[in-house]
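Given next are the chains, with one letter for each unit.
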Amino acid sequence: MFLEEAVPENGAITYFNAPILRWPFQKGKQSKYELQLSKDANFQDPTCISVTDLESAFFNPHQLLDQGKWWWHYRVVGKDWSKSLCFIISDKAKPMVSPSAEKFLAGVPMSHPRIFSWDSKSNLKQRAQQPEALAIVTEAKQALEEKTPLEQDAIASTKGDNELQDQKLNQDAVVGLGNRMHKMVLALSQGYLLTENKLFQAKAIEIGLEIAHWDHKGVTGTSDFMDGVCMYDMAIVFDNFHESLNPVQQKQLLDAIHNRASQFYKSWVNNIDSKVLSGHVWQLLLNEFINTSIAVYKHDPDAAKWLKYGYELFLARAPVLGGLDGGWAEGAYYFHMNMETLVEIPQRIKAYTGFDFMAKHPWFKNNADWLVYQFPPGSSADGFGDNTEELFEPPASYASYASIMGRLTQNPKYTWYAKKLEAIHPHQLATEPVLRWFRLANEYNYTEPIVPSKMEWPMAQLSQEEGVAAIHSNLNAPSKDLMIAMRSSSFGAYGHILADQNSFNILYAGKRLFYRTGYKVSMNDPHRLGWSKHTKSMNGMLVNGEGQPYSVEAYGHFSRFLQGQHLAYLKADASNAYQSKETKEDFGVTQFFRNVVMMQDGYIVIYDELAANKPVNWSWLIHSLENMQLDSLGNQFTASIAEAIGKGRLWSSAPINWGITNKFDVPAVLFRNYQGMRTKEYKDTQWHLKATNKTAQEKMRFLVVLQIGKEGTQATIQTLQTIDGHQKIQIGNWTIEASLSTQLAPQLIIQSTKDNTAFSAYGNKLSFKSQTYTGAIEGSSKMVELINGKMKLIEATDLAMPMIR
């Protein structure tokens, strides 16, 4: 999926000055572009910026633009200009003036080593007794005992039951060799810088020269991950031991590096820059490509253009799966694969030019909120994205990342997060490879921010651009914390992003209570495509048994967000999530609004407003990993884990049928089970519950009240009133009112006199304790609560649909 419309346009007010200009690319490797940027709509102003011979469909002005309206257009060389586009630079635009690529290249040191030279050798030797350094040396000694990797080691020794399984096993063998090889080269090369042990040097050079003999179009070129690591490992050897290599060895390495790096460049230019997402590039390959280009700069004549492209591409698109507010669209599992790219490239730019991209771009500081709310210390991840089923707590890579990010951004939230993780698993950082060398070389150059004795966390946090949110009852008391995470994202379903618009996951004390089900066996495995990626595996909604298309066009977004001291509210809109021109699917959905309210004392209310262009069967879904019981007569269900029990009751605008099973529609088959592969277990005992209207309905509403907490703490849900489609319920100290009839205007009202809090999702007035509160915004969501002895009104209206950057 590629960019389809030029940005910025239509008079958009840009956040940054200067903005990146991007447009739909023209296929063809020979395509080059011209661009004009001017304050004059006719482009006759003498200060008009004219650019020619652009090889990719983006442009960075690298200069501050005057305030006001700017016009721009572009064309493929020799063809007609595009229509004139315009944007506005306001006085509130944040300065983002990056240096030219030429200045970046001028900062590349001429001496070697370059890749690992974040600090001087003498300082590194002073740190040789640090736990990280000792761990590196231990791993280097282990690498001496291992056999030098050979090209034939990339050939799989295991067969599957079909061609699809064979393809994955072949890929595993190639990538597995790359991982083992890279671990050896890193340890030997870094170990040498710490100790100057000649045995480490000799073994690393031996591996590098061995890789240089491999056919880059052969088995090691069948995986971009392996191709990248071959390129990078040879570059590390060339760079780290440059003075010890003879001219023949240098040429062998340079030629082999060129073969692989030039292939990446040719396949990326005028392609990756316009692609919505190319996951592997942004996870690892771009960082490896830039580091490789730095290593061979002035030794390979093409390295300058590689380096310029990598520099400009990063500035134009990073963070590619984040916006301004700090979220990450692909989820917690794959985020760790982006950590080194997100830290090292900005710091390389700073080291060579003085420009601090990380300080200028708010994502880097705000990302701490996403970590804390979506993947809290000691807790399972929020459940969004492939492989999050494997994350039962943040791994050591998260502590490594947060530790250095706290220092680099001076945001104490990162440091709080890192210290919480380290307290749970002391001493793991030394053996964690992610960012280990960067931390060892740089940690002492940046002071650690002071963390307050008690961090104050609001109940909820919304990353609207990425489309994820979470509400917590008590982040400072993990053993009592109730968490609901929700996703509704403009990124749709793409790559490792699942078809889960408007779905939610609920955890208690960091453990999964109501949670998505299934496993990512492999990308094209039948179970993933038929279950774990599909909406049917989520706490979401099916339409005539169909889920959301696997497409970026099947998107959602959060439309309202409101929170106070005792209650937080999210409204999400997945009305466009059940159609895609790309996949030629359209299930007729015209409205899917999901309203979620969580009260701090353990209650969650879900209110769904649904409509289609024809009568359909709506299936409300909820899942649990361990066990679930259903009382179909009372429309109630229960799930339990060791830490908590969750009880739910459902009301609907039309009669429903219930279905419950503990079997997948498509079983998960374990075939990647061989020596060297992490052992996995696929349990086909997870529970799946759905409520479906008995007769097809064009419109439908569901109301669900959940109470979650320790066994024996649940209150009784009392139905106070059911009149003409209007439902009134009492649970604990809270009264809940909802319009269930589709003939009534939608409404959800929640009040607690004890907590001095009242909320309404819609309407112009909110009545509470004999007082009527009228907001300033018609139809807004409203909340009143007692603050410092006075009742205060806050309100929220619809948020703008975020743009995919």
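Everything that follows concerns the structure shown earlier in this document.
Everything numeric here is computed off the predicted structure, so don't read it as measured data. (Residues numbered from 1 in each chain as written. Predicted model: local features only at pLDDT ≥ 70, side-chain atom pairs only at ≥ 80, totals over all residues. Heavy atoms only, no water.)

Undergrad: Describe the overall build of the chain, listing the residues and the values that go with them.
TA: Each helix and strand in the chain was counted, giving 17 helices and 37 strands. In terms of C-alpha radius of gyration, the chain reaches 28 Å, essentially the compact-globule figure of 28 Å for 805 residues. With the C-alpha coordinates aligned to their principal axes, the bounding extent of the chain is approximately 90 × 70 × 55 Å. Split into buried and exposed, the 805 residues of the chain put 60% on the buried side. At a minimum sequence separation of 6, the contacts of the chain that also span at least 24 residues come to 68%. Accessible area of the chain: about 31,400 Å², with a carbon and sulfur share of 49%. Of the side chains in the chain, 79 bear a positive and 83 a negative charge, and the two mean positions are spaced by 3 Å. (Helix = DSSP H or I, 4+ residues; strand = E, 2+ residues; numbered from the N terminus. Rg over C-alpha atoms; globule rule 2.2 N^0.38 Å. Buried < 20%, exposed > 50% of the residue type's maximum accessible area, 1.4 Å probe, protein only. Contact = heavy atoms within 4.5 Å. Areas by Shrake-Rupley, 256 points an atom, 1.4 Å probe, with all protein chains shown as cover. Lys, Arg positive; Asp, Glu negative; His and termini not counted. Charge placed at Lys NZ, Arg CZ, Asp CG, Glu CD.)

Undergrad: Quick rundown of the side chain of D608? Include the residues and the values.
TA: Here D608 shows up in strand β21 (residues 603-616). Among the polar contacts listed, one links the side chain of D608 to the side chain of R594, at a separation of 2.7 Å. A polar atom in the side chain of D608 sits 3.0 Å from the side chain of W620. Beyond its immediate chain neighbours, meaning those up to four positions away, D608 contacts M541, F592, F593, R594, N595, W620, M700, R701 and F702. (Polar contact = N/O pair within 3.5 Å; in protein donor to acceptor, adjacent residues only side chain to side chain.)

Undergrad: Residue-level account of the pattern of salt bridges, with values.
TA: Under the definition given, this model contains 21 salt bridges. Of the charged contacts, one joins K308 and E102 as a salt bridge, the two residues approaching to 3.3 Å between their closest N and O atoms. Of this pair, K308 sits in helix α9 (residues 303-317) while E102 sits in helix α1 (residues 101-106); the two residues are 206 residues apart in sequence, bridging distant segments of the chain. Judged by its relative accessible area of 32%, K308 is partly exposed. With its nearest N and O atoms 2.6 Å apart, the salt bridge here joins K251 to D255. Within this pair, K251 and its partner D255 are both found in helix α7 (residues 247-268), separated by four residues, close to a single helical turn. Overall, D255 belongs to the partly exposed group, its relative accessible area being 36%. What you see here is one network of salt bridges that share partners, running through R407, K419, E443 and E448. (Salt bridge = Lys/Arg side-chain N within 4 Å of Asp/Glu carboxyl O.)

Undergrad: Explain the sheet that holds strand β29 (residues 718-723) to me, using residue names and the numbers behind them.
TA: Strand pairs in the sheet, formed through backbone hydrogen bonds, run parallel or antiparallel to each other. With respect to topology, seven strands assemble into an open sheet ordered β29-β30-β31-β32-β33-β36-β37, the strand pairing being antiparallel. The sheet is open, and its two borders are formed by β29 and β37 (790-796), each paired with just one other strand. Strand after strand, the sheet turns through a mean of 10 degrees between neighbouring axes, direction not considered. Bridging between strand β31 (residues 734-739) and strand β32 (residues 748-752) involves four bridges; their strand directions are antiparallel. The residue bridging I736 from the neighbouring strand is I750, located in β32. (Pairing = 2+ DSSP bridges. Axes fitted to C-alpha atoms, helices over the stretch in contact; angles between N-to-C directions.)

Undergrad: Please set out the packing of α7 against helix α8 (residues 279-296) residue by residue, giving values where relevant.
TA: Direction vectors running N to C along α7 and α8 enclose 130 degrees, while the axes themselves pass 11 Å from each other. As summarised for this structure, α7 and α8 are arranged oblique, according to the angle between their axes. Handedness of the crossing formed by α7 with α8: left-handed. In this structure, α7 uses L254, I257, A261, F264, Y265 and W268 to contact α8, whose residues at the interface are V281, L285, L286, F289, T292 and V296. Residue classes in the contact of α7 with α8 are distributed as eleven nonpolar, one polar and no charged. (Parallel < 35°, antiparallel > 145°, perpendicular 65-115°, else oblique. Left-handed = near helix turned anticlockwise from the far one by under 90°. Nonpolar A, V, L, I, M, F, W, Y, C, P; charged D, E, K, R; others polar.)

Undergrad: Got a sec to walk through the packing of aromatic side chains? Specific residues and values, please.
TA: The full count for this structure, using the stated rule, is 38 aromatic pairs. Between W118 and F438 the ring centres are 4.9 Å apart and the planes differ by 80 degrees, which places this aromatic pair in the edge-to-face class. Remark: F438 occurs in helix α16 (residues 436-442) and W118 occurs in the loop between α1 and α2 (121-126); sequence separation between them is 320 residues. Each member of the pair, W118 as well as F438, carries the same accessibility label: buried. Taken together, a centroid distance of 6.1 Å and an interplanar angle of 85 degrees make the contact between Y373 and W457 edge-to-face. One end of the pair, Y373, is in helix α13 (residues 362-374); the other, W457, is in the loop between α16 and β10 (460-463), with 84 residues separating them in the sequence. Across this residue pair, the class does not change: Y373 and W457 are buried. Here the basic side chain of R348 rests over the ring of W118, its NZ or CZ set 4.0 Å away from the ring centre. (Phe/Tyr/Trp six-rings, centres within 6.5 Å; stacked < 30°, edge-to-face > 60°. Lys NZ or Arg CZ within 6 Å of the ring centre and 35° of its normal.)

Undergrad: Go over the environment of D302 with me, naming the residues and quoting the values.
TA: If you trace the backbone, D302 turns up in the loop between α8 and α9. A sequence separation of 37 residues divides D302 from Y265, and the C-alpha atoms of the two residues are 9.9 Å apart.

Undergrad: How would you explain the packing of helix α3 (residues 131-145) against helix α5 (residues 198-212) if you had to name every residue and give the values?
TA: Between α3 and α5, the least distance of the axes is 10 Å, while the angle of their chain directions is 55 degrees. Comparing the axis directions of α3 and α5 gives the class oblique. Considering the relative orientation of α3 and α5, their crossing is left-handed. Residues V137, A140, K141, A143 and L144 of α3 touch α5, and the partners they reach there are L199, F200 and K203.

Undergrad: Tell me what's going on with the nonpolar core, and back it up with residues and numbers.
TA: In terms of nonpolar packing, the biggest core is built from 142 residues, with F335, Y398, Y401 and W437 touching the most fellow members. Those residues in contact with F335 that lie beyond four places of it in its chain are W328, L342, W363, N367, W370, L371, Y398 and Y401. L482, I484, A572 and I622 belong to the second largest nonpolar core, which has 52 residues in total. (Core = buried A, V, L, I, M, F, W, Y, C linked by side-chain atoms within 4.5 Å.)

Undergrad: If you had to explain unusual backbone geometry to someone new, which residues and values would you point to?
TA: Cis geometry is adopted by the peptide bond preceding A18, which originates at N17 and carries an omega value of 20 degrees. Along the chain, A18 turns up in the loop between β2 (16-17) and β3 (21-22). Backbone torsion omega between A318 and P319 reads -10 degrees, so that peptide bond is classified as cis. Along the chain, the position of P319 falls in the loop between α9 and α10 (332-335). The phi dihedral of N544 falls on the positive side, at around 50 degrees, and the residue is not glycine. Tracing the sequence through the fold places N544 in the loop between β15 (541-543) and β16 (557-563).

Undergrad: Can you lay out α5 for me, pointing to particular residues and giving the numbers?
TA: Under the 1.5 Å per step criterion, the end-to-end length of α5 is 21 Å for 15 residues, consistent within 8% with the ideal 21 Å. Buried within α5 we find F200, Q201, K203, A204, I205, I207, G208, L209, I211 and A212. The inward-facing, buried residues of α5 abut α3, α4 (163-195), α6 (224-240) and α7. (Expected span 1.5 Å × (residues − 1).)

Undergrad: Tell me about a positive patch on the surface, and name the residues and values.
TA: Taken together, the side chains of K32, K217, K266 and K305 present a region of like positive charge at the surface. Assignment of secondary structure puts K217 in the loop between α5 and α6. Residue classification places K217 among the exposed residues on the basis of a relative accessible area of 65%. (Patch = residues over 30% accessible without salt bridge, like charges linked within 9 Å, V, L, I, M, F, W, Y side chains within 5 Å.)

Undergrad: Break down the pairing of strand β8 (residues 85-89) for me, citing the residues and quoting the values.
TA: Every other side chain in a regular strand lies on the same face of the sheet, so the side chains alternate between the two faces. Among the five residues of β8, four are classified as buried, and the element is accordingly described as predominantly covered. Bridge analysis of strand β1 (residues 12-13) against β8 gives two bridges, and the strand direction is parallel. Residue pairing across strands places A12 opposite F87, the latter belonging to β8. As paired strands, strand β7 (residues 68-76) and β8 are joined by five bridges and run antiparallel to one another. Bridge assignment links G68 to a residue of β8, and that residue is I89.

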